[in-house]
Amino acid sequence: MKKLFSSLLSWQCLAAVFAALMVSTPFAINNYLVDKGPSWLGLDVSWKVTLDYAFAKHWAWGKDIVYTYGPLANLSTRTGQGIPALAMALFDLFLVINFYFVFADFIKNNTNKLSAFAIVICLALLVNPCFGSDTSWVLLFFIIYWMIKTFIEPRPLYLAILITLTMLAFYIKMNTGLIAMVLLCGHFINMFIAKKLTIINLFGWFAWFIVLIMLSAILLNVSILSYITGSLEIIKGYNDVMYLDESHAVIETALYLLFLAMLALLLYSLWRQVAAKKHNQIMYTIAGIVFLFLLQKQAVLRNDAQHLYEYFSFAPLVLLCNFTARNAQKSTLKYSMIIVLFALGFVLYNRGAAYSLSSRVAAPVTYIKQVVAYRPASHINHPGKRYVPQRVLDIIGNKPVDVFPWDSEYAIENKLNYKPRPVFQSFSAYTEGLEKINYDYFVKQAPNFLIYDYDAIDNRYPFNDESLANLFILRNYTLADTFASNQRQRLVLQRNDKTAPLQFKHIKRFEFSPTDTIPVTNFNFIKLDVQYNLPGKIKAFVNKPPHVQISYMRADGKWFTYKTSPELLKMGLYVGCLVTNDDEYIALLNDKPAAAIKKIKLIVNGSLFSGKGLMDTYWVNHHSLLNKPAPDEHNY
């Protein structure tokens, strides 16, 4: 057996076979529209369908649509809308080729071929059969691998593969794409310092990369600067508000053990590199640590079973990068095997050993059958699951329409003229910059109609997801109709013939303590600036952010508490009245009195926040009910 594995041809053939088994299945994923239960059940399908629609309609990424996923998102989501089967198949083939290089190098560079191959087998069973949204992590793993390989063997072909992977990461999902670009730039500079590249080669490869990015931006209709800045805004606010508080004690504990075990291995590699004065290799080990940390951060922040198990499936891939194999450290290979077996045990317990084995072994045949049977569609054709009465369709006609707070399928499935705000899901507009993008869209080109549902996720206050847009809607739209669909009431709002921006009068700025109870007097809009202190910043960086809730007290003395974040508080909160359901929202639209807010207070752990914050109070004229003249007003 050892002689077999020592043969160059044998382990290369085995690497090729297992690389082919790593093809992601299914080839395309059919979206399933839920039409019962909480509305958040349709969130994932909603953004996937919208991204497909944006690609098919040639929207400008960064301008018409602002999201972390880019124009090549379909290579990850696999919804098969608007992307030719050949393009998807070529991408999958490219991933298989990358797996071949990874597997072949891992076996080649370890003296114990049998143990190395055993790890490859375990990882093949460990990785999810369908990469799905984790495709971006697979690409980042490949990028780290190719940085190490091109540092040792700086061949033009290998560097071209590295650049291609970075471009794909950039246009599939911006957050991992930006990390990949930073790593690529650092890698080129490191190679120049190590005299692996001449100054001419360095600038040549940089120039070639920039040219390819710009040319592909033109082809994919991407506004590069807006694409980057918009995505950075989404990344900036994500951590503070998109966390979940589900409890999975056993798997969370196992995840931390896995993370610490792999971190220990990479830190050991880092120590050996420093001791051996191989300083040019340090950045690649640090890149591996960043990969582990970011994947762990995503899993812990979202904290649902899916994201937690995804860490077990994809994080151990980084062990294939051979951080220590070239030092012929047999002990680290055994340690890697223990780590992989530990992760595999949890994954097989959740997914099942029979399914993991059968799906992996059958992957190439299953994939080919699905490619042959693939039929692209312009949309998912389930209008019955996003029912809109014919009378409403007649009212809207071909005029531009947007959907609040999400669920674009109401427009797309019914073949309406869907023209959404750039941040097309209200819960994602969670920074001041993102809210301004949407508000400016309404001021300049407000759609004629809105299909509106007063709703939010994660116990957030619906009105303060896009508070400026909501106030603009109150000022410039009227109720045209209502209808029931998917167990919820939907409002059809029609834009007035003439629209006007909001007008704000700044009243006062003052300091306050995050634990103060604040009476609401002579103002109806506030902006709060609260900051984490050092322990709070550390907690937000390493784990989940300190929780922030806001409570509103009505005139009847009843308190209502909602989830919020420092970024949402900075955006601004409407505190003129409390709207808790559709009926109260309709009453506000129809100029009927609403329940006034008398007091507000934040609910925070004071030990994790700065002792003082800043509060700006305003009066905003948003509706005929409150459209009183106010001195020194200015358009917002």
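These figures come from a predicted structure and were not determined experimentally.

How each quantity is defined
Residues numbered from 1 in each chain as written. Predicted model: local features only at pLDDT ≥ 70, side-chain atom pairs only at ≥ 80, totals over all residues. Heavy atoms only, no water. Helix = DSSP H or I, 4+ residues; strand = E, 2+ residues; numbered from the N terminus. Rg over C-alpha atoms; globule rule 2.2 N^0.38 Å. Buried < 20%, exposed > 50% of the residue type's maximum accessible area, 1.4 Å probe, protein only. Lys, Arg positive; Asp, Glu negative; His and termini not counted. Charge placed at Lys NZ, Arg CZ, Asp CG, Glu CD. Pairing = 2+ DSSP bridges. Axes fitted to C-alpha atoms, helices over the stretch in contact; angles between N-to-C directions. Parallel < 35°, antiparallel > 145°, perpendicular 65-115°, else oblique. Left-handed = near helix turned anticlockwise from the far one by under 90°. Contact = heavy atoms within 4.5 Å. Nonpolar A, V, L, I, M, F, W, Y, C, P; charged D, E, K, R; others polar. Phe/Tyr/Trp six-rings, centres within 6.5 Å; stacked < 30°, edge-to-face > 60°. Lys NZ or Arg CZ within 6 Å of the ring centre and 35° of its normal. Core = buried A, V, L, I, M, F, W, Y, C linked by side-chain atoms within 4.5 Å. pLDDT = per-residue confidence, 0-100. Salt bridge = Lys/Arg side-chain N within 4 Å of Asp/Glu carboxyl O.

## What to know about the overall build of the protein chain
Moving on, step 1. On a plain count of helices and strands, the protein chain comes out with 24 helices and 14 strands.
Moving on, step 2. For a compact globule of 636 residues, the expected C-alpha radius of gyration is about 26 Å, and the protein chain comes in at 27 Å, within 12% of that figure.
Moving on, step 3. For the protein chain, the spread of C-alpha atoms along the principal axes amounts to about 85 × 55 × 50 Å.
Moving on, step 4. Looking at the protein chain residue by residue over its 636 residues, the buried ones come to 58%.
Moving on, step 5. Counting 59 positive and 42 negative side-chain charges, the protein chain places the averaged centre of each group 11 Å from the other.

## Considerations on the environment of Leu-502
Moving on, step 1. Within the element layout of this structure, Leu-502 appears in the loop between β5 (488–495) and β6 (503–512).
Moving on, step 2. As a C-alpha pair, Leu-502 and Leu-528 span 26 residues in sequence and 19 Å in three-dimensional space.

## So, the pairing of β5
Moving on, step 1. Pairing of strand β3 (residues 449–452) with β5, which is carried by four bridges, proceeds in the antiparallel orientation. Note that in β5 the partner of Ile-451 across the bridge is Val-492.
Moving on, step 2. Here strand β4 (residues 477–485) pairs with β5 via eight bridges, running antiparallel. Along β5, the bridge assignment pairs Ser-485 with Arg-488.

## Some remarks on the packing of helix α5 (residues 85–108) against helix α8 (residues 156–172)
Moving on, step 1. As a packed pair, α5 and α8 sit with axes 12 Å apart at the nearest point and diverge in direction by 130°. Our classification of the angle between α5 and α8 gives oblique. Pair α5 / α8 crosses with left-handed handedness. Counting all contacts with α5, which are made through Phe-91, Phe-94, Asn-98 and Phe-101, the residues of α8 involved are Tyr-158, Ile-161, Thr-164, Leu-165, Leu-168 and Ile-172.
Moving on, step 2. Within the contact of α5 with α8, the residues separate by chemical class into eight nonpolar, two polar and no charged.

## Here we look at the sheet that holds β3
Two strands in a sheet stick together by hydrogen bonds in their backbones, pointing the same way (parallel) or opposite ways (antiparallel).
Moving on, step 1. Spatially, β2-β1-β3-β5-β4 is the arrangement adopted by the five strands of the open sheet, whose pairing is mixed. Sheet topology places β2 (417–418) and β4 at the edges, where each strand pairs with a single neighbour.

## What to know about the sheet that holds strand β7 (residues 517–519)
Moving on, step 1. Ordered by their spatial adjacency, four strands build an open sheet running β7-β12-β9-β10, and the pairing between neighbours is antiparallel. Every other strand in the sheet has two partners, leaving β7 and β10 (559–564) as the edge strands with one partner each. Recorded for the sheet is a direction-independent mean angle of 20° between the axes of neighbouring strands.

## Overview of the packing of aromatic side chains
Moving on, step 1. Tallied over the entire structure, the rule returns 48 aromatic pairs.
Moving on, step 2. Residues Trp-59 and Tyr-418 carry aromatic rings whose centres are separated by 6.2 Å and whose planes lie at 45° to one another, so their mutual orientation is tilted. Pair noted here: Trp-59 is in the loop between α3 (43–56) and α4 (74–77) and Tyr-418 is in strand β2, with a separation of 359 residues, a long-range link. With respect to burial, Trp-59 and Tyr-418 carry one shared label: buried.
Moving on, step 3. The interplanar angle of 35° and the centroid separation of 5.1 Å between the aromatic rings of Tyr-67 and Phe-424 together place this pair among those described as tilted. Linking Tyr-67 in the loop between α3 and α4 with Phe-424 in the loop between β2 and α20 (432–445), this pair joins segments that are 357 residues apart in sequence. Side by side, Tyr-67 and Phe-424 carry an identical accessibility label, which is buried.
Moving on, step 4. Put simply, the rings of Phe-404, Tyr-439, Tyr-441, Phe-442, Tyr-452, Tyr-454, Phe-472 and Tyr-585 touch in pairs and so form one group of aromatic residues.
Moving on, step 5. Between the NZ or CZ atom of Lys-196 and the centre of the ring of Phe-151, over which it lies, the distance is 5.0 Å.
Moving on, step 6. Across from the ring centre of Trp-559, 4.6 Å away, lies the NZ or CZ of Lys-601, which sits over that ring.

## Re the nonpolar core
Moving on, step 1. Counting residues in hydrophobic clusters, the biggest one holds 147 residues, and the most contacted among them are Phe-103, Tyr-171 and Tyr-311.
Moving on, step 2. Counting residues per element, this core draws most heavily on helix α7 (residues 135–152), at 13 residues.
Moving on, step 3. Among the nonpolar cores identified, the runner-up in size contains 56 residues, and Val-520, Ile-586, Ile-600 and Tyr-618 belong to it.

## Points about the confidence of the model for the protein chain
Moving on, step 1. Averaged over all residues, the pLDDT of the protein chain is 89; the fraction at 70 or higher stands at 94%.
Moving on, step 2. The least confident element of the protein chain, judged by mean pLDDT, is strand β14 (residues 634–635) at 46; the most confident is β3 at 97.
Moving on, step 3. Low pLDDT, under 50, characterises residues 624–636; the predicted model gives this stretch 34 contacts beyond four residues in sequence or across chains.

## Quick word on the environment of Lys-113
Moving on, step 1. If you trace the backbone, Lys-113 turns up in helix α6 (residues 113–126).
Moving on, step 2. Between the C-alpha atoms of Lys-113 and Trp-11, which are 102 residues apart in sequence, the distance is 8.2 Å.

## Examining the pattern of salt bridges
Moving on, step 1. Counted according to the given criterion, the structure contains 20 salt bridges.
Moving on, step 2. Between Lys-236 and Glu-233 there is a salt bridge, with its nearest N and O atoms 3.2 Å apart. Taken as a pair, Lys-236 and Glu-233 lie in helix α11 (residues 224–241) at a separation of three residues, close to a single helical turn.
Moving on, step 3. One salt bridge in this structure joins Glu-432 and Lys-527, with 3.3 Å as the shortest N-O distance. Of this pair, Glu-432 sits in helix α20 while Lys-527 sits in strand β8 (residues 525–529), and the two are 95 residues apart along the sequence.
Moving on, step 4. Each of Asp-105, Lys-149, Glu-153 and Arg-155 takes part in a single network of salt bridges with overlapping partners.

## Observations regarding unusual backbone geometry
Moving on, step 1. Following Thr-25, the chain continues to Pro-26 via a peptide bond in cis, the omega torsion being 5°.
Moving on, step 2. One can find Pro-26 in the loop between α2 (8–21) and α3.
Moving on, step 3. Of note, the bond from Phe-404 into Pro-405 is cis; its omega dihedral lies within 30 degrees of zero at -10°.
Moving on, step 4. Relative to the helices and strands, Pro-405 is located in the loop between β1 (400–404) and α19 (409–412).
Moving on, step 5. A positive phi angle, near 60°, is found at Arg-78, a position not held by glycine.
Moving on, step 6. The topology assignment puts Arg-78 in the loop between α4 and α5.
Moving on, step 7. The phi dihedral of Lys-277 is positive, around 60°, even though this residue is not glycine.
Moving on, step 8. Structurally, the position occupied by Lys-277 is in the loop between α12 (249–275) and α13 (282–302).
Moving on, step 9. Given the relative accessible area of 66%, Lys-277 is considered exposed.

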